[in-house]
Amino acid sequence: MLKGVSTLARDKWNRIWAGSENGFRGAYYIDAEGHPWVYEGFKLQSSDKTSQNIKRIVQGVGSKLWFMPVETAANPSDTYTVFWFSGNVHLGGAIREEIPLGEHTVTQAFDLAETQTGDLILATDKGLFSKSGKVWTEEDGLKSARISHVLEAPDSSIWLCYFLGLGVARIAPDGRVQHFDESDGLPSNRVWSLSLIHI
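Since this is a predicted model, take the numbers as computed values, not measurements.

1. Considerations on the overall build of the protein
So, step 1. The helix and strand tally for the protein stands at zero helices and 16 strands.
So, step 2. Sorting the 199 residues of the protein into buried and exposed places 46% on the buried side.
So, step 3. In the structure as shown, the protein presents an accessible area of about 10300 Å², 51% of it carried by carbon and sulfur atoms.

This is the structure we're talking about:
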């Protein structure tokens, strides 16, 4: 039995993946037929002998599945490491990607989104960081840099919510930031997660 599950995601083949930030290491999946959970080890480095805890599993563009290990940058100019795999490639052979953090000392990363153009956006305690080098902080119009969740909408706008009960924000493709809270009809300013519904 899996204990301490903190993230779930479904891949293109309808397998359900589970990861844990503080419990079991690596990731497990169960297929569409409901066969027993299958373990996949996950290593930050090819030389690592120990699998890592997985903070978030995110469905990306096409058949990509992204894995955020419990790893943070300790110093400015560091990068945050994420991995992806597609199809039947095992996690031990997953492809590594680095997201630059510039001069920001990020201590926690919370969520990840892949855009339609293949860029990666990381939600952290210091703002949003993209693999292409774009950064969004309070200086760019955000109410707080501590962001719990991020996703891209079909119109290429970026949506996010904050940890501090500040509602949600939309970053338009031209960079303008628009905020939504209880005054706009939200039942509460405390929004922890966002999701797209395809109708």
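2. Describing the sheet that holds strand 15 (residues 168-171)
So, step 1. If you walk across this open sheet you meet the four strands as 13-14-15-16, and the pairing is antiparallel. Looking at strand neighbours, the two that pair on one side only are strand 13 (147-152) and strand 16 (177-180), the edges of this open sheet. Adjacent strand axes in the sheet meet at a mean angle of 20°, parallel and antiparallel pairs treated alike.
So, step 2. The sheet contact formed by strand 14 (residues 158-162) and strand 15 spans four bridges and is antiparallel. Bridge pairing in strand 15 places tryptophan 159 opposite arginine 170.

3. Focus: the confidence of the model for the protein
So, step 1. Looking at the protein, pLDDT values average 83 and 85% of them are 70 or higher.
So, step 2. Considering each helix and strand of the protein separately, the mean pLDDT is smallest for strand 7 (residues 79-86), with a value of 78, and largest for strand 15, with 95.

4. Section: the sheet that holds strand 10 (residues 120-124)
So, step 1. Taken in spatial order, the four strands make up an open sheet running 9-10-11-12, and their pairing is antiparallel. Each edge of the open sheet carries a strand with a single partner, namely strand 9 (109-114) and strand 12 (135-136).
So, step 2. Both strand 10 and strand 11 (residues 127-130) contribute to a ladder of four bridges, which runs antiparallel. Considered in strand 11, the bridge of isoleucine 121 is made with serine 130.

5. Some details on the nonpolar core
So, step 1. Counting residues in each nonpolar core, the largest one holds 14 residues, and the members touching the most others are Trp66, Met68, Tyr80, Val82, Ile99, Leu112 and Leu122.
So, step 2. Elements that contribute at least two residues to this core include exactly strand 6 (64-69), strand 7, strand 9 and strand 10.
So, step 3. When residues in this core are grouped by element, the largest group, three residues, is from strand 7.
So, step 4. Excluding residues within four positions of it along the chain, leucine 112 makes contact with Val58, Trp66, Met68, Val82, Ile99, Leu120, Ile121, Leu122 and Val150.

6. A closer look at the side chain of histidine 149
So, step 1. Within the element layout of this structure, histidine 149 appears in strand 13.
So, step 2. A residue is classified by how much of its surface remains accessible, and histidine 149, at 10% relative accessible area, is buried.
So, step 3. A polar atom in the side chain of histidine 149 sits 3.0 Å from the side chain of aspartate 111.
So, step 4. The residues contacting histidine 149, other than those within four sequence positions of it, are Arg56, Asp111, Trp159, Leu160, Cys161, Trp192, Ser193 and Leu194.

7. A closer look at the packing of aromatic side chains
So, step 1. Applying the stated criterion to the full structure yields seven aromatic pairs.
So, step 2. Judged by centre distance (4.7 Å) and plane angle (40°), the rings of tryptophan 17 and tyrosine 29 are tilted. In this pair, tryptophan 17 is assigned in strand 2 (residues 16-19) and tyrosine 29 in strand 3 (residues 27-30), connecting sequence segments twelve residues apart. Comparing tryptophan 17 with tyrosine 29 shows no difference in burial state: the two are buried.
So, step 3. Ring pairs connect the aromatic residues Trp17, Tyr29 and Phe67, which therefore count as one cluster.
So, step 4. Sitting over the face of the ring of tryptophan 84, lysine 64 holds its NZ or CZ atom 4.5 Å from the ring centroid.
So, step 5. Sitting above the plane of the phenylalanine 163 ring, arginine 146 keeps its charged end 5.0 Å from the centroid.

Reading guide: rules and limits
Residues numbered from 1 in each chain as written. Predicted model: local features only at pLDDT ≥ 70, side-chain atom pairs only at ≥ 80, totals over all residues. Heavy atoms only, no water. Helix = DSSP H or I, 4+ residues; strand = E, 2+ residues; numbered from the N terminus. Buried < 20%, exposed > 50% of the residue type's maximum accessible area, 1.4 Å probe, protein only. Areas by Shrake-Rupley, 256 points an atom, 1.4 Å probe, with all protein chains shown as cover. Pairing = 2+ DSSP bridges. Axes fitted to C-alpha atoms, helices over the stretch in contact; angles between N-to-C directions. pLDDT = per-residue confidence, 0-100. Core = buried A, V, L, I, M, F, W, Y, C linked by side-chain atoms within 4.5 Å. Contact = heavy atoms within 4.5 Å. Polar contact = N/O pair within 3.5 Å; in protein donor to acceptor, adjacent residues only side chain to side chain. Phe/Tyr/Trp six-rings, centres within 6.5 Å; stacked < 30°, edge-to-face > 60°. Lys NZ or Arg CZ within 6 Å of the ring centre and 35° of its normal.

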